[in-house]
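Inside the fold
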Amino acid sequence: SGPGYLCYIYEQLILAGVELGLTEKAATELVLGTVEGTAALLARGESPEELRGRVTSKGGTTAAAVSTMETRQLSDLLLASLTAAVVRARELAR
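Residues numbered from 1 in each chain as written. Predicted model: local features only at pLDDT ≥ 70, side-chain atom pairs only at ≥ 80, totals over all residues. Heavy atoms only, no water.

1. Re the overall build of the protein chain
Heads up, the rule is: Under the DSSP-based scheme used, a helix requires at least four consecutive residues in state H or I and a strand at least two consecutive residues in state E, with every element numbered from the N terminus. Radius of gyration: over C-alpha atoms. The globule rule applied is 2.2 Å multiplied by the number of residues raised to the 0.38 power. For each residue, the accessible area found with a 1.4 Å probe, counting protein chains only, is set against the maximum for its type, and the residue is called buried under 20%, exposed over 50%, and partly exposed in between. Under the convention used here, a 1.4 Å probe and the Shrake-Rupley method define accessible areas, while residue burial counts only the protein chains that appear. His is not counted, nor are the chain ends, whereas Lys and Arg count as positive and Asp and Glu as negative. Just so you know, the charge point we use is NZ for Lys, CZ for Arg, CG for Asp and CD for Glu.
Per the secondary structure count, the protein chain includes 5 helices and 0 strands. When the elements of the protein chain are put in sequence order from the N terminus, they spell out α-α-α-α-α. Its C-alpha atoms give the protein chain a radius of gyration of 16 Å, clearly above 12 Å, the size a compact globule of 94 residues would have. Projected onto the principal axes, the alpha-carbon positions of the protein chain cover approximately 50 × 30 × 30 Å. Burial analysis of the protein chain (94 residues in total) assigns 7% to the buried set. Carbon and sulfur atoms form 62% of the exposed surface of the protein chain, whose accessible area is close to 7600 Å². If you average the places of the 9 positive and of the 11 negative side-chain charges in the protein chain, the two averages end up 5 Å apart.

This is how it looks when you write it as structure tokens:
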């Protein structure tokens, strides 16, 4: 299921990029490049929290986006989504 979740998030990031004025090609390249680069950094052993802290400047663009994600409770949405998947998996296992 994980690839499906991530692909949905990639799709939404690409659509947001287009909505904000990028071409679909440019938005796709930016999202995929960001994902590849982030995965490479995390593969070296840095934790997601450490990496996020390193790339988040106080009052900067990342801080603004993360603040919005926190205000809109993205963590709750993700937990609810994964909980729905677990519930459905248990139903299918019966």
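2. Looking at the packing of helix 1 (residues 2–19) against helix 2 (residues 24–43)
The following threshold applies: For every element, the axis is a line fit to its C-alpha atoms; helices are fit only across the contacting stretch, and the angle between N-to-C directions ranges from 0 to 180 degrees. Should an angle fall under 35 degrees it is called roughly parallel, over 145 degrees roughly antiparallel, and 65 to 115 degrees roughly perpendicular, with every other angle called oblique. Each crossing is labelled by how the near helix is turned from the far one, with a counterclockwise turn of less than a right angle marking it left-handed and a clockwise turn marking it right-handed. Only heavy atoms matter for contacts: two residues are in contact if any of them lie within 4.5 Å across the pair. Asp, Glu, Lys and Arg are counted as charged, while Ala, Val, Leu, Ile, Met, Phe, Trp, Tyr, Cys and Pro are counted as nonpolar; the rest, among them Gly, fall into the polar class.
The interhelical angle for the contact between helix 1 and helix 2, taken along N-to-C directions, is 135°, at an axis separation of 8 Å. For the element pair helix 1 / helix 2, the angle class is oblique. The way helix 1 lies across helix 2 gives a crossing that is right-handed. Every residue of helix 2 that contacts helix 1 at Tyr10, Leu13, Ile14, Gly17 and Val18 is listed here: Glu24, Ala27, Thr28, Val31 and Val35. Here the contact of helix 1 with helix 2 is built from residues that sort into 7 nonpolar, 2 polar and 1 charged.

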